[in-house]
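Chain and residue survey
Residue-level listing of the chains:
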Amino acid sequence: AQKVTQAQTEISVVEKEDVTLDCVYETRDTTYYLFWYKQPPSGELVFLIRRNSFDEQNEISGRYSWNFQKSTSSFNFTITASQVVDSAVYFCALSEKTGGFKTIFGAGTRLFVKA
Amino acid sequence: DGGITQSPKYLFRKEGQNVTLSCEQNLNHDAMYWYRQDPGQGLRLIYYSQIVNDFQKGDIAEGYSVSREKKESFPLTVTSAQKNPTAFYLCASRRGPDSYEQYFGPGTRLTVT
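In this text the structure is predicted, and so the values were computed from the model without any measurement.

Some details on the overall build of chain A
- Helix and strand content of chain A: zero helices and twelve strands.
- Secondary structure of chain A in N-to-C order comes out as β-β-β-β-β-β-β-β-β-β-β-β.
- Taking 2.2 N^0.38 as the reference for a compact globule, 115 residues should give roughly 13 Å; the C-alpha atoms of chain A span a radius of gyration of 14 Å, in line with that estimate.
- Dimensions along the principal axes, computed over C-alpha positions, put chain A at roughly 45 × 25 × 20 Å.
- In chain A, 56% of the contacts between residues at least 6 apart in sequence involve partners at least 24 apart.

Written out as structure tokens, the structure reads:
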């Protein structure tokens, strides 16, 4: 069965600090996709990144970077030089090929960035 | 602008009443989804539809119903059989078989008293 664990319920940092959000997943499928979404206070989830199981290359987009490691079943998200606007709930999610790519979401990590 | 709209943003109902939440998309996406989010929790799948006139139950379908008569519309009815209907409801869409990420609407916060 698929499962996504975000062990950090809340993280609080001061602006300009770097912060890493952890995500550990479980799947028996060899074909799957991993995602990160951001949910600001307005409530709408914003898609940030998708990674497929055959591509372990890390990715950087501005201040955001993602580290995908199949050996540890982890897909961690790092924000460099955090800003107050980064304050939100961040969700990691998993879709498996088996079961029609239904998406399972982790419980989310609430990030507070203080000025 | 293309996107997903959900209306209203806030909805209040008395216990025992059915209520329908609207979800419309103009992205020409094939698949649509309904999720429920409770405070401090992740999203749980209620129903999803991969194509017009077809839909499947998700993990928590009891007490809910949907229809998909048009590609752009996927309304969710919260019936009086749903024991704890107060929650934040999110609608999402996905382009098609070759696309895997979902795009979300702004959500509807339903309060039943």
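Describing the nonpolar core
Residues and elements named next belong to chain A.
- W36, F75, F77, Y90 and L111 are the most contacted members of the largest nonpolar core, which has 23 residues in total.
- Those elements that place two or more of their residues in this core are strand 2 (10-14), strand 3 (19-21), strand 5 (32-39), strand 8 (64-69), strand 9 (74-79), strand 10 (88-96) and strand 12 (109-114).
- With four residues, the single largest contributor to this core is strand 10.
- Ignoring sequence-local partners within four residues, the contact set of F77 consists of V19, T20, L21, W36, L48, Y64, S65, W66 and Y90.

Describing the packing of aromatic side chains
Residues and elements named next belong to chain A.
- Across all of its chains, the model carries 21 aromatic pairs over all chains by this definition.
- Consider the rings of Y37 and F105, whose centres lie 5.7 Å apart with planes at 45°: the pair is tilted. Placement of Y37 in strand 5 and of F105 in strand 11 (residues 103-105) is noted, with a sequence separation of 68 residues between them.

Things to note about the sheet that holds strand 8 (residues 76-78) of chain B
Residue and element names in this part refer to chain B.
- Taken in spatial order, the four strands make up an open sheet running 1-3-8-7, and their pairing is antiparallel. Either end of the sheet is taken by a strand with one partner, and the two such strands are strand 1 (4-7) and strand 7 (64-66). Direction aside, neighbouring strands of the sheet carry axes that sit 20° apart on average.

Points about the interface of chain B and chain A
- Each side of the interface is counted separately: chain B has 20 residues, and chain A has 19 residues.
- The junction of chain B with chain A conceals about 1600 Å² of combined surface from both sides, 55% of it contributed by carbon and sulfur atoms.
- Of all residues in chain B, the largest losses of buried area upon contact with chain A belong to Y100, E101 and F104 of chain B, amounting jointly to 35% of the total for that side.
- With a shortest N-O distance of 2.7 Å, E101 of chain B and R50 of chain A are connected by a salt bridge.
- Taken together, the connections running from chain B to chain A amount to five residue pairs in polar contact (both at pLDDT 80 or more).
- Listed by contribution, the elements that provide at least two residues to the side of chain B that touches chain A are strand 4 (31-37), strand 5 (43-51), strand 9 (87-94) and strand 10 (103-104) of chain B.
- Among the elements that take part in the side of chain B that touches chain A, strand 5 of chain B stands out by supplying four residues, more than any other.
- Of the residues assigned to the side of chain B that touches chain A, the class counts are ten nonpolar, seven polar and three charged.

What counts and how
- Residues numbered from 1 in each chain as written.
- Chains lettered and ligands numbered in written order.
- Predicted model: local features only at pLDDT ≥ 70, side-chain atom pairs only at ≥ 80, totals over all residues.
- Heavy atoms only, no water.
- Helix = DSSP H or I, 4+ residues; strand = E, 2+ residues; numbered from the N terminus.
- Rg over C-alpha atoms; globule rule 2.2 N^0.38 Å.
- Contact = heavy atoms within 4.5 Å.
- Core = buried A, V, L, I, M, F, W, Y, C linked by side-chain atoms within 4.5 Å.
- Buried < 20%, exposed > 50% of the residue type's maximum accessible area, 1.4 Å probe, protein only.
- Phe/Tyr/Trp six-rings, centres within 6.5 Å; stacked < 30°, edge-to-face > 60°.
- Pairing = 2+ DSSP bridges.
- Axes fitted to C-alpha atoms, helices over the stretch in contact; angles between N-to-C directions.
- Buried area = accessible area lost by both parts, 1.4 Å probe.
- Salt bridge = Lys/Arg side-chain N within 4 Å of Asp/Glu carboxyl O.
- Polar contact = N/O pair within 3.5 Å; in protein donor to acceptor, adjacent residues only side chain to side chain.
- Nonpolar A, V, L, I, M, F, W, Y, C, P; charged D, E, K, R; others polar.

Interpretation in functional terms is not warranted from these geometric data alone.
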